[in-house]
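Chain residues, written in single-letter form:
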Amino acid sequence: MTIAGTVSPVFGADELKSLNVKAQVSPVFSVNMVEPDTFNIVGANGKLIPSKQIGSPVIVSNYTSWKISVDSSYETSATQGRLKLDDATYIPYTFALKDGDAVVVSSFLTPSAAQSITTKNGKSFDLFFYFDSEDATVWPQGIYQDTVTLSISTD
Amino acid sequence: LVRPAWSSSISSNPLEIVLPCGSKKVLEGIMKKFFVAIMLSLLAVSFVAATDLTISGSIGQNVSVDFTDGLIAINVLGDGTGTLNGSASGFDNAAALKVISNRKKWTITFHSGNAGTLKSESLTPIPYKLHVTPVDADFATATFTNPLSAGVSLATDKTFQATADGRTKKTGGTLNVSVSVDAIGDDVFLWDAQSTYSDTVTITIAADL
């Protein structure tokens, strides 16, 4: 006489599972530029220097589309800003924000074309000021200054 | 033919024996032999039954995996420095993978649907690492081969193996599963802030011989 019993295997119903992994990426959006040192705006010939690289703003963005704009405290037109000595003395300048040789912005408060997502260390631009080196004005001694505001925005 | 005096004692028996007159002695001799033969037969039957009783049982294989919540949601820092350290372990979220096994040796295989990356349409995928850590109290004497303890990419399938004493309690044992993202290089493009990245990891368990 043989008495035998079996326990049915529980196998197959739970042997495979799915794990969903989801990631949200926090936004990063910043613009930074090293404060420029005071520079000599008059050359050895006694005239204004033609141009000066003011700085290299760096934008870090993980938005796929964004724009940058530039503003001046003393602009007189869409393209002309001024360095101020006092309320009566200003040195006019124009500017260009460049990406390599390409001009990205050259008018105040006019957003650039859409820019793309940047690398981890950011996208670097170059900000140039241009002066009228043919101007015969004898500029009074002093420190001329302006405050330039760089703004970035997403679409 | 005559019926012997003892014939009534066996008349109720379906086996009625009728013998020729004068053959009583012969009949008695035959009956004795017949009786002895039955007794021996019964003894023989009793002896065989006592020694042929076998009780056996088998237990079916039972190995399974399950999640309390089969979702890991992580926050990745947008500046490319990797996973947000939202907890002491450095991971924002983890899933508890419950393993039930009545086999000593088993293998769990982890397979990524996106070759170890979190994807969002056509954007640059985010490579991630999967971490698997057994809860010691649940596997006190088990021996594991676990290449996922420090986190590993699922670019190819990875396995977590119980190589000895991997049997669990009825309620199972827990493997903590978590995900991390490493920092990217300075020249690598950032991951998009406005998208959700995802992957599906398929987990299978199989008993080993």
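A. Structural view of the overall build of chain A. Helix and strand counts for chain A stand at 0 helices and 12 strands. Reading the helices (α) and strands (β) of chain A from amino to carboxyl end gives β-β-β-β-β-β-β-β-β-β-β-β. Relative to the compact-globule value of 15 Å for 155 residues, chain A shows a C-alpha radius of gyration of 29 Å, a clear excess of over 25%. C-alpha extents for chain A along the principal axes are approximately 125 × 30 × 25 Å. Residues classed as buried in chain A amount to 35% of the 155 residues present.

B. Seen up close, the overall build of chain B. Helix and strand counts for chain B come out as 1 helix and 14 strands. When each of the 209 residues of chain B is scored for burial, the buried share is 33%. Element-wise, carbon and sulfur atoms account for 59% of the exposed surface of chain B, whose accessible area totals about 12,000 Å².

C. Layout of unusual backbone geometry. For A:L109, which is not a glycine, the phi torsion comes out positive at approximately 60 degrees. One can find A:L109 in the loop between strand 9 (102-105) and strand 10 (123-124).

D. A look at the interface of chain A and chain B. Across the boundary between the two partners, chain A contributes 35 residues, which contact 57 residues of chain B. Between chain A and chain B, the buried area comes to about 4,000 Å², and carbon and sulfur atoms account for 55% of it. Taken as a group, A:L19, A:V21 and A:K120 account for 21% of the area that chain A buries against chain B, more than any other trio of residues on that side. At the boundary of chain A with chain B, the tally comes to 1 salt bridge. The interface formed by chain A and chain B contains 23 residue pairs in polar contact (both at pLDDT 80 or more). At 10 residues, the largest contribution of residues to the side of chain A that touches chain B is made by strand 2 (residues 16-25) of chain A. By residue class, the composition of the side of chain A that touches chain B is 17 nonpolar, 13 polar and 5 charged. Across 9 bridges, the pairing between strand 2 of chain A and strand 14 (residues 196-207) of chain B is antiparallel. Bridging from a neighbouring strand, A:K22 pairs with B:S198 of strand 14 of chain B.

E. Just the packing of aromatic side chains, in detail. Residues and elements named next belong to chain A. What the rule picks out here adds up to 15 aromatic pairs over all chains. In textbook terms, an aromatic cluster arises when at least three aromatic residues are bridged by ring pairs, as seen for F29, Y63, W66 and F125. Over the aromatic face of Y90 sits the side chain of R82, whose NZ or CZ is 3.7 Å from the ring centroid. When the ring centre of F128 is taken as reference, the NZ or CZ atom of K98 above it lies at 5.3 Å.

F. A look at the sheet that holds strand 9 (residues 129-134) of chain B. Residues and elements named next belong to chain B. Here 5 strands make up an open sheet; going across it, the order is 2-5-13-9-11 and the pairing antiparallel. Each having just a single partner strand, strand 2 (63-67) and strand 11 (152-153) make up the two edges of the open sheet. Alignment of strand 2 against strand 5 (residues 94-101), held across 5 bridges, turns out to be antiparallel. Counterpart to D66 in the pairing with strand 5 is K98.

G. Up close: the pattern of salt bridges. Here the structure, examined in full by the defined rule, presents 4 salt bridges over all chains. Of the charged contacts, one joins A:K17 and B:D66 as a salt bridge, the two residues approaching to 3.3 Å between their closest N and O atoms. With one member in each of two chains, A:K17 in strand 2 and B:D66 in strand 2 form a pair that bridges those chains. The residue A:K84 makes a salt bridge to A:D87 at a minimum N-O spacing of 2.7 Å.

H. Focus on the confidence of the model for chain A. Across chain A, the average pLDDT comes to 90, with 91% of residues at or above 70. Every residue in residues 7-13 of chain A scores below 50 in pLDDT, and together they form 10 contacts with partners more than four places removed in sequence or on other chains.

Parameters at a glance
Residues numbered from 1 in each chain as written. Chains lettered and ligands numbered in written order. Predicted model: local features only at pLDDT ≥ 70, side-chain atom pairs only at ≥ 80, totals over all residues. Heavy atoms only, no water. Helix = DSSP H or I, 4+ residues; strand = E, 2+ residues; numbered from the N terminus. Rg over C-alpha atoms; globule rule 2.2 N^0.38 Å. Buried < 20%, exposed > 50% of the residue type's maximum accessible area, 1.4 Å probe, protein only. Areas by Shrake-Rupley, 256 points an atom, 1.4 Å probe, with all protein chains shown as cover. Contact = heavy atoms within 4.5 Å. Buried area = accessible area lost by both parts, 1.4 Å probe. Salt bridge = Lys/Arg side-chain N within 4 Å of Asp/Glu carboxyl O. Polar contact = N/O pair within 3.5 Å; in protein donor to acceptor, adjacent residues only side chain to side chain. Nonpolar A, V, L, I, M, F, W, Y, C, P; charged D, E, K, R; others polar. Pairing = 2+ DSSP bridges. Phe/Tyr/Trp six-rings, centres within 6.5 Å; stacked < 30°, edge-to-face > 60°. Lys NZ or Arg CZ within 6 Å of the ring centre and 35° of its normal. pLDDT = per-residue confidence, 0-100.

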